[in-house]
Amino acid sequence: MKDCKLIVSDLDATLLCSDMTLSSENEKAIEEFKRLGILFVPSSGRTLYEIPECVRENPNIRYITYSNGTAIYDKEKGCKIISHEISREDANKTLDILAEYDVLWTLHLDGRAYFDKNKATDEVFKHYNLTDYYRDVVLSGVGVDNIENLAREAESVESFFIFFHSEEEEEEVGKRLASEVASITVTTSIAYEFELCAGDAGKGTALSELS
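The present account deals with the structure reproduced in this document. Keep in mind the model is a prediction, meaning the values are calculated, not measured.

Moving on to the sheet that holds strand E7 (residues 103-109). If you trace the 6 strands from one edge of the open sheet to the other, you get E9-E8-E7-E11-E13-E12, paired in mixed fashion. Each end of this open sheet is capped by a strand with a single partner; those strands are strand E9 (142-144) and strand E12 (184-187). In this sheet, neighbouring strand axes are inclined to one another by 25° on average, regardless of whether the strands run parallel or antiparallel. Here strand E11 (residues 159-164) pairs with strand E13 (residues 193-198) via 5 bridges, running antiparallel. Each residue of the ladder has a partner; that of Ser 159, found in E13, is Cys 197. Helix-sheet contacts for helix H4 (residues 88-98) involve E7, E11, E12 and E13, and the interaxial angle to E11 is about 10°. Across the sheet, helix H8 (residues 167-180) lies against E11, E12 and E13, angled at about 15° from E13, the strand it touches most.

This part is about the packing of aromatic side chains. One pass over the structure, following the stated rule, counts 5 aromatic pairs. Ring geometry for Tyr 134 versus Phe 163: centroids 5.8 Å apart, planes at 65°, classification edge-to-face. Linking Tyr 134 in helix H6 (residues 132-139) with Phe 163 in strand E11, this pair joins segments that are 29 residues apart in sequence. The class of Phe 163 is buried, set by a relative accessible area of 3%.

In this section: the nonpolar core. Judged by nonpolar contacts, the single largest core of 28 residues is most densely connected at Trp 105, Leu 107, Val 157, Phe 160 and Ile 162. When contributions to this core are tallied by element, the ones reaching two or more residues are H4, E7, helix H7 (147-153), E11, H8 and E13. Membership of the second largest hydrophobic core comes to 17 residues, among which are Leu 16, Leu 22, Ile 64 and Tyr 73.

If you trace the backbone, Thr 70 turns up in the loop between strand E3 (63-66) and strand E4 (71-74). Residue classification places Thr 70 among the buried positions, given a relative accessible area of 0%. Only 2.7 Å separates the side chain of Thr 70 from the backbone oxygen of Ser 67, close enough to count as a polar contact. Ignoring sequence-local partners within four residues, the contact set of Thr 70 consists of Ile 82, Ser 83, His 84, Glu 85, Glu 158, Cys 197 and Ala 201.

This part covers the side chain of Ser 67. Summarising the element assignment, Ser 67 is placed in the loop between E3 and E4. Of the residues examined, Ser 67 reaches a relative accessible area of 1% and is grouped as buried. Polar contacts involving the side chain of Ser 67 include one to the side chain of Glu 158, which spans 3.1 Å. Sequence-distant contacts of Ser 67, defined by excluding residues within four places in its chain, comprise Ser 44, Gly 45, Arg 46, Thr 47, His 108 and Glu 158.

What follows is about the environment of Ser 179. Residue position: Ser 179 is located in helix H8. For Ser 179, a relative accessible area of 55% translates into the label exposed. Through-space distance from the C-alpha of Ser 179 to that of Ser 24 is 48 Å; in sequence the pair is 155 residues apart. Among the polar contacts made by the side chain of Ser 179, one reaches the main-chain carbonyl oxygen of Arg 176 at a distance of 3.2 Å.

Within the structure shown, the criterion is met by 17 salt bridges. A salt bridge links Glu 85 to Lys 80, with the nearest nitrogen and oxygen atoms 2.8 Å apart. Measuring nitrogen to oxygen at the nearest pair gives 3.8 Å for the salt bridge that ties Asp 145 to Lys 117. One end of the pair, Asp 145, is in the loop between E9 and H7; the other, Lys 117, is in the loop between strand E8 (112-116) and helix H5 (122-127), with 28 residues separating them in the sequence.

Its 14 residues give H8 an end-to-end C-alpha distance of 20 Å, which sits within 8% of 20 Å, the value for a rise of 1.5 Å per residue. Buried within H8 are the following residues: Glu 170, Val 173, Gly 174, Arg 176 and Leu 177. On its buried side, H8 packs onto H4, E11, E12 and E13.

Each value, and the rule that gives it
- Residues numbered from 1 in each chain as written.
- Predicted model: local features only at pLDDT ≥ 70, side-chain atom pairs only at ≥ 80, totals over all residues.
- Heavy atoms only, no water.
- Pairing = 2+ DSSP bridges.
- Helix = DSSP H or I, 4+ residues; strand = E, 2+ residues; numbered from the N terminus.
- Axes fitted to C-alpha atoms, helices over the stretch in contact; angles between N-to-C directions.
- Contact = heavy atoms within 4.5 Å.
- Phe/Tyr/Trp six-rings, centres within 6.5 Å; stacked < 30°, edge-to-face > 60°.
- Buried < 20%, exposed > 50% of the residue type's maximum accessible area, 1.4 Å probe, protein only.
- Core = buried A, V, L, I, M, F, W, Y, C linked by side-chain atoms within 4.5 Å.
- Polar contact = N/O pair within 3.5 Å; in protein donor to acceptor, adjacent residues only side chain to side chain.
- Salt bridge = Lys/Arg side-chain N within 4 Å of Asp/Glu carboxyl O.
- Expected span 1.5 Å × (residues − 1).

As structure tokens, this is what we get:
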């Protein structure tokens, strides 16, 4: 591995055990990488503060890529060194569109996830087709009373997660976002769900810049 300078790993079902801990083998490997002068960089769709402490506070890890490559955090400097976020203008365009549809959305901002605590009920989650996994993901964030004000007043946001009641509205919203907010990227990993990031965001982009 003498020519290797950088090793990157996803977290869930990859680096982490099922109980969100690091195995002793992985801890030793990360320590050995540092001894060899190799950067080990976790890369996750999670926000910075959703990443388990065993990774976030590991003394042998300096850089963390989070929110699907929206940003890279430098623990030594105590700040983001790379950031590709949705501008306030585009966030507000997005919210204007979402206001016309039956959707539930959450917000990634400043390394944390936020949800509308007034809508955090089993009945609402069922209405928007949330699986148990995504229900737990939503509830692991910070509950706030007025999530829309939080999103509209931010200088920029990392990403939105949007959950739908109907496939028809999911398709229509996807088309409108693509045509009316061209500078964002719409991706999906399950039915009835979208993830919105800045068009220039991505794990590959961020890691290329770090390299």
